[in-house]
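# Summary of the model geometry
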Amino acid sequence: MNTAIRIHLEQEGDYAFRVHFDDTALAPLLTDEPAPLGHEQGPNPARMLLAAIANCLVASLLFALRKHRNDPGRLVAEVTATPQRNEQGRWRLPTASVTLRLPGHGADLHNLDRVLAQFEDFCIVTQSVRQGIEVAVTVVDSDGAVLLGNAGTGGGS
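For the structure given in this document, a descriptive report is provided here.

Basis of the calculations
- Residues numbered from 1 in each chain as written.
- Predicted model: local features only at pLDDT ≥ 70, side-chain atom pairs only at ≥ 80, totals over all residues.
- Heavy atoms only, no water.
- Pairing = 2+ DSSP bridges.
- Helix = DSSP H or I, 4+ residues; strand = E, 2+ residues; numbered from the N terminus.
- Axes fitted to C-alpha atoms, helices over the stretch in contact; angles between N-to-C directions.
- Parallel < 35°, antiparallel > 145°, perpendicular 65-115°, else oblique.
- Contact = heavy atoms within 4.5 Å.
- Nonpolar A, V, L, I, M, F, W, Y, C, P; charged D, E, K, R; others polar.
- 1 Å grid on protein atoms, 1.4 Å probe; cavity = no way out; pocket = protein on both sides within 12 Å on 5 of 7 lines; lining within 4 Å.
- Points joined across faces, edges and corners; volume = space filled by probe spheres on them.

### Let's talk about the pairing of strand β2 (residues 16-21)
In this structure, strand β1 (residues 7-13) lies alongside β2, joined through six bridges in antiparallel fashion. Pairing of glycine 13 across the sheet is with alanine 16, part of β2. Judged from the three bridges that link them, β2 and strand β3 (residues 29-31) form a sheet pairing that is antiparallel. Counted as the bridge partner of valine 19 is leucine 29 from β3.

### Examining the packing of helix α1 (residues 45-67) against helix α3 (residues 124-131)
Running from N to C, α1 and α3 cross one another at 125 degrees; their axes reach a closest spacing of 7 Å. Relative to α3, the element α1 lies oblique. On α3, the residues that touch Leu49, Ala52, Ile53, Cys56 and Leu57 of α1 are Ile124, Val125, Thr126 and Val129. Looking at the contact of α1 with α3 residue by residue, the classes come out as eight nonpolar, one polar and no charged.

### A closer look at the layout of surface pockets
Estimates place the volume of the largest pocket at around 1300 Å³. Taken together, 30 residues form the lining of the largest pocket, with Ile5, Ile7, Ala52, Val125 and Ile133 sitting closest to its centre. If you list the elements that add at least two residues to the lining of the largest pocket, you get β1, β2, α1 and α3. Among the elements that make up the lining of the largest pocket, the one with the highest residue count is α1 (seven residues). Here the residues of the lining of the largest pocket sort into 20 nonpolar, seven polar and three charged. Of the pockets and cavities examined, the second largest pocket occupies roughly 610 Å³. Lining the second largest pocket are 20 residues, with Asn44, Ala46, Arg47, Pro83 and Leu93 positioned closest to its centre. Listing elements by their share of the lining of the second largest pocket, those giving two or more residues are α1 and β6 (91-92). Broken down by class, the residue content of the lining of the second largest pocket amounts to 13 nonpolar, two polar and five charged.

As structure tokens, then:
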């Protein structure tokens, strides 16, 4: 788990990008913005962020349930967020609401109080978002000249 996660994107047209998950056998994913910018050929970054948060939480809940010898069945997650403009007029997702649904009854699960007290701590994505991920950005031209940032900070290629 302590190896770098590398992903690279290539523009396919307008705001559509092909996302490649380096060092894996995963198929590339097409992302796109909704109209009027893009053509909604795939999820946009906001939808992917919300999907990552909900996916990580439901997987963490499943992990915690199984750790306490539960077999909960099929879990379902739903995430909702409403984009809002910040003080500078830029779109942001200030909050997200995630609902995790168990197929059975809570009373039938072993150590549910302990599971519920700890499962969120297992979620790398949600906890990283909550703590604020520092993002270093580097912009380089076709010759590799650094136009913004510092290529040595890990933000460059």
